[in-house]
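Residue-level listing of the chains:
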Amino acid sequence: MASPQKQVQQLARQFFRLSLENGGLSPARVVGVLEYIEKHRPAHSLAILRAYHRLVAAEIARGRAVVEHAGVVPPAGLTAIAAAMTNKYRRPIASVARCNDALLAGLRVRVGDDVYESSVAGQLAALGAAV
Amino acid sequence: MSSVLEQIEQQIAKLSSKAVKKNTGNIRTIADGVAKIEGLSDVMYNEMVQFPGGAIGIALNLEDDEVGCVVLGDVSKLKEGDEVQTTGRLLSVPVGKALLGRTVDALGNPVDGRGPIAAQEFNPVEKIAPGIIVRRSVSQSLLTGIMAIDSMIPIGRGQRELIIGDRGTGKTTIAIDTIINQGRINKVGLASGDPNFRPVYSIYVAVGQKNSNIVRTIGALEAAGALEYTIIVAAPAADNPANQYLAPYSGAAMGEWFMQNGMDALIVYDDLSKHAVAYRQISLILKRPSGREAYPGDVFYLHSRLLERAARLEGRGSLTALPIIETLAGDVAAYIPTNVISITDGQIFLETDLFNQGIRPAVSVGLSVSRVGSAAQIKATKQVGGKLKGELAQFRELAAFAQFGSDLDARTKAQLDRGSRIVELFKQPQFNPLAIELQVAILFAMQKGYFDPIDVKKIVAASASMKEFFLGRKEALLAEVRTKAALDKDLEAKLQAACEEWKASSTG
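Parameters and conventions
- Residues numbered from 1 in each chain as written.
- Chains lettered and ligands numbered in written order.
- Predicted model: local features only at pLDDT ≥ 70, side-chain atom pairs only at ≥ 80, totals over all residues.
- Heavy atoms only, no water.
- Helix = DSSP H or I, 4+ residues; strand = E, 2+ residues; numbered from the N terminus.
- Buried < 20%, exposed > 50% of the residue type's maximum accessible area, 1.4 Å probe, protein only.
- Contact = heavy atoms within 4.5 Å.
- Areas by Shrake-Rupley, 256 points an atom, 1.4 Å probe, with all protein chains shown as cover.
- Pairing = 2+ DSSP bridges.
- Axes fitted to C-alpha atoms, helices over the stretch in contact; angles between N-to-C directions.
- Buried area = accessible area lost by both parts, 1.4 Å probe.
- Salt bridge = Lys/Arg side-chain N within 4 Å of Asp/Glu carboxyl O.
- Parallel < 35°, antiparallel > 145°, perpendicular 65-115°, else oblique.
- Left-handed = near helix turned anticlockwise from the far one by under 90°.
- Nonpolar A, V, L, I, M, F, W, Y, C, P; charged D, E, K, R; others polar.
- pLDDT = per-residue confidence, 0-100.
- Core = buried A, V, L, I, M, F, W, Y, C linked by side-chain atoms within 4.5 Å.

1. Some thoughts on the overall build of chain B
Right, so step 1: The helix and strand tally for chain B stands at 16 helices and 16 strands.
Right, so step 2: Each of the 508 residues in chain B was classed as buried or not, and the buried ones make up 54%.
Right, so step 3: Across chain B, the fraction of contacts at a sequence separation of at least 24, relative to all contacts at a separation of at least 6, is 73%.
Right, so step 4: Surface summary for chain B: the accessible area is close to 22,300 Å², and the carbon and sulfur share equals 54%.

This is the structure:
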């Protein structure tokens, strides 16, 4: 028999699979899962919800290109980034702009676990590590 | 001209604005030198990952939604939520002759306070062992300088010979003696200018040892002049288990460099019991399923993939491995000892009882074996010591039997007498390896019965006097034995004459 921690992970993954529709996350299904957990209160509900939250957050991050920028990014630039990422990952990706003055100049685009670094701060950090 | 400059500037601008892709994750939990990381979806098994603050880690557990990494370095500054990046590289350590004479940690960083190491090359820590085709059979001797071993349990270049025994039975001493002997042979060989001479470089990997012991070992090697041919890889008991787990592989990578570049190397893993314990600790923290004695299921593979890297290669060099295993109460049938016994090409078993009786090195003749056998011996040693192992084993059997009765026939008494003389003759002080030519001379004298008239209690002193005699007065004869490496009639006659001379001088 699997350990409680493993059972929590398995159940969370099962709920996550139930939340997908046509390969994408369905808000209606997520609501359904939450209602089910609320109603039936499985053992270790809190841990299950936390694990489920992580999986849903990771899935949302996979479908979103967070464009961090220092300065102004024109809407056309954001659209171009979204199109390029959609093309690269072969799934619909929307872009979200986020101002980050710590970058000094340039952009940093994050899609799920992948980070595309072209900011001055990133290059300085790489240079610092290489010296 | 300005257009050329513009072109270069454009090229620079293009390159500098090129986005760099990184795969990242975040620390979910960190404890006992192991971090669980969320993300890192592209990470490979055994890949190096970069933690903030310069610490690095190795991805060991790839799970559905998290990655288990061992952290090599300071974990005290890491916290939950910190970003971790993949590097796309396997862990590598510096290799080459620049490391000789230096003490490094498991990552190849110098820890001896003697400045940075000017290594030109780096090799991956984990590497697949050489295959069947590229290997050659073991046929060149690697002399330990310990008479009991060189004459009865010979070790060849490229062999894996286990040194096993309880704590405090002289396991490390045998390994250190062997390294010291390589240093002495290297000095003589390199000074002779012989183009066919192949020096043996040594790597001593200390896993889970006390720092004081490592310092003592370094001191002994330095005093004997062997440190300049030796690399010390130190992962002491105070080091984190990840470093203790990695140190033998780092040492193997350094040894392989010599082998791949046509040189011979010797590597001592001191010891693999502590290595297995460090790996068990990591595995348990990573929540891997545990098996016998709580070791993970792949503990055999842990040692087999390490020891398989020792080999003699066709057209290249060799890497000889001397792994050390510590037993508890002489139990060689425990899990880790049986694993390593089955992997290696023989073992030198050291007995506590023999050690306490003053028989040092406390080599148990019955339980020790070299599966390479006499193929790794020079002809002279075979000629004078070919039957020794059988004689000594027979002596031990008879000695045990003789305890029950005093009425023994003359033949048995003679066998017991001869056996006890051989045992005394094999006694050797630590850090004092004997040159092979001297071993041959002493064994020759023993075979010809020169020690027979001497009282058993005085054999050690007589043997010391003979060594002194040969070293002081018969240097040319020893050199002839060394160069010929076989005893012909002429050499036998010379040895016999020398023994007669020694006999006359010692009795007169």
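2. Some thoughts on the sheet that holds strand β10 (residues 162–165) of chain B
Residue and element names in this part refer to chain B.
Right, so step 1: Read from one edge to the other, the open sheet built from eight strands follows the order β8-β12-β11-β13-β14-β10-β15-β16, with strand pairing classed as mixed. A single partner strand is all that each edge strand has here, and the edge strands are β8 (103–104) and β16 (369–370).
Right, so step 2: The sheet contact formed by β8 and strand β12 (residues 230–235) spans two bridges and is parallel. Note that in β12 the partner of T103 across the bridge is I232.
Right, so step 3: Packing of helix α6 (residues 272–285) onto the sheet brings it into contact with β11 (200–207), β13 (264–270) and β14 (318–326), and relative to β14 it is tilted by some 75°.

3. Describing the interface of chain B and chain A
Right, so step 1: In this complex, chain B contributes 19 residues to the contact, which on the side of chain A involves 14 residues.
Right, so step 2: At the boundary of chain B with chain A, total buried surface from both sides reaches about 1,300 Å², with 37% on carbon and sulfur atoms.
Right, so step 3: Inspection of the chain B/chain A interface yields six salt bridges.
Right, so step 4: The shortest N-O distance in the salt bridge between A:R54 and B:E38 comes to 3.1 Å.
Right, so step 5: Every element with two or more residues in the side of chain B that touches chain A is listed here: β1 (20–31) and β2 (34–39) of chain B.

4. Points about helix α7 (residues 299–307) of chain B
Right, so step 1: By the criterion of burial, α7(B) is predominantly enclosed, with seven of the nine residues buried.
Right, so step 2: Considered for burial, the residues of α7(B) that qualify are B:V299, B:L302, B:H303, B:S304, B:R305, B:L306 and B:L307.

5. A short note on the packing of helix α1 (residues 4–18) of chain A against helix α3 (residues 45–62) of chain A
All names here are of chain A.
Right, so step 1: Interaxial distance between α1 and α3 falls to 8 Å at its minimum, and their mutual angle equals 45°. Between α1 and α3, the interaxial angle falls into the category oblique. Helix-helix and strand crossings are classified by hand; for α1 and α3 the assignment is right-handed. Seen from α1, the contacting residues are V8, Q9, L11, A12, R13, F15 and F16; seen from α3, they are A47, I48, A51, Y52, R54, L55, V56 and E59.
Right, so step 2: Taken together, the residues of the contact of α1 with α3 break down into 11 nonpolar, one polar and three charged.

6. What about the confidence of the model for chain B?
Right, so step 1: With 97% of its residues at a pLDDT of 70 or more, chain B has an overall mean of 92.
Right, so step 2: In the predicted complex, the global pTM is 0.89; the interface-specific ipTM is 0.82.

7. Notes on the packing of α7(B) against helix α8 (residues 335–343) of chain B
Residue and element names in this part refer to chain B.
Right, so step 1: One way to put it is that α7 packs onto α8 with a least axis distance of 10 Å and a crossing angle of 35°. Read as a crossing pair, α7 and α8 show a hand that is right-handed. Along the contact surface, α7 presents V299, F300, H303, S304 and L307, while α8 presents Y335, I336, N339, V340, S342 and I343.
Right, so step 2: Partitioning the contact of α7 with α8 into residue classes produces seven nonpolar, four polar and no charged.

8. A look at the side chain of A:H69
Right, so step 1: In this fold, A:H69 is placed in strand β3 (residues 64–69).
Right, so step 2: If near-sequence neighbours (up to four positions away) are discounted, A:H69 is found in contact with A:A97, A:R98, A:C99, A:N100, A:L103, A:G106 and A:L107.

9. Description of unusual backbone geometry
Right, so step 1: Here the amide bond leading from B:D270 into B:D271 is cis, since omega sits at 0°, within 30 degrees of zero.
Right, so step 2: Assignment of secondary structure puts B:D271 in the loop between β13 and α6.
Right, so step 3: That bond from B:R360 to B:P361 is cis: its omega, 5°, falls within 30 degrees of zero.
Right, so step 4: Looking at the secondary structure, you find B:P361 in the loop between α9 (352–356) and β16.
Right, so step 5: Here the phi dihedral of A:N22 falls at roughly 50°; this positive angle occurs in a residue that is not glycine.
Right, so step 6: The exposure class of A:N22 is exposed, given its relative accessible area of 83%.
Right, so step 7: With a phi angle near 65°, B:K287 is a residue other than glycine that sits in the positive phi range.
Right, so step 8: In this structure, B:K287 sits in the loop between α6 and α7.

10. What to know about the pairing of β13(B)
As a general feature of sheets, a regular strand has side chains that alternate between the two faces.
Residue and element names in this part refer to chain B.
Right, so step 1: With seven of seven residues buried, β13 is to be regarded as a mostly interior element.
Right, so step 2: Here β13 shows no split at all, with D264, L266, V268 and D270 on one side and A265, I267 and Y269 on the other all buried.
Right, so step 3: Of the pairings in the sheet, the one linking β11 to β13 comprises seven bridges and is parallel in character. Pairing of V205 across the sheet is with Y269, part of β13.

11. Concerning the nonpolar core
Residue and element names in this part refer to chain B.
Right, so step 1: I348, F426, F451 and F470 are the most contacted members of the largest nonpolar core, which totals 76 residues.
Right, so step 2: With nine residues, the top contributor of residues to this core is helix α13 (residues 436–447).
Right, so step 3: Ignoring anything within four residues of it in the chain, the contact list for F426 reads M147, A148, S151, M152, R360, P361, L388, L392 and L443.
Right, so step 4: Residues I58, V70, I231 and Y335 belong to the second largest nonpolar core, which totals 65 residues.

12. Details of the pairing of β1(B)
Right, so step 1: Bridge count between strand β6 (residues 114–117) of chain A and β1(B): four bridges; the pairing is antiparallel. By the bridge assignment, A:Y116 is partnered in β1(B) with B:K21.
Right, so step 2: Looking at chain direction, β1(B) and strand β6 (residues 83–90) of chain B are connected through three bridges and run antiparallel. The partner of B:T24 across the bridge, within β6(B), is B:Q85.
Right, so step 3: Pairing between β1(B) and β2(B): six bridges, direction antiparallel.

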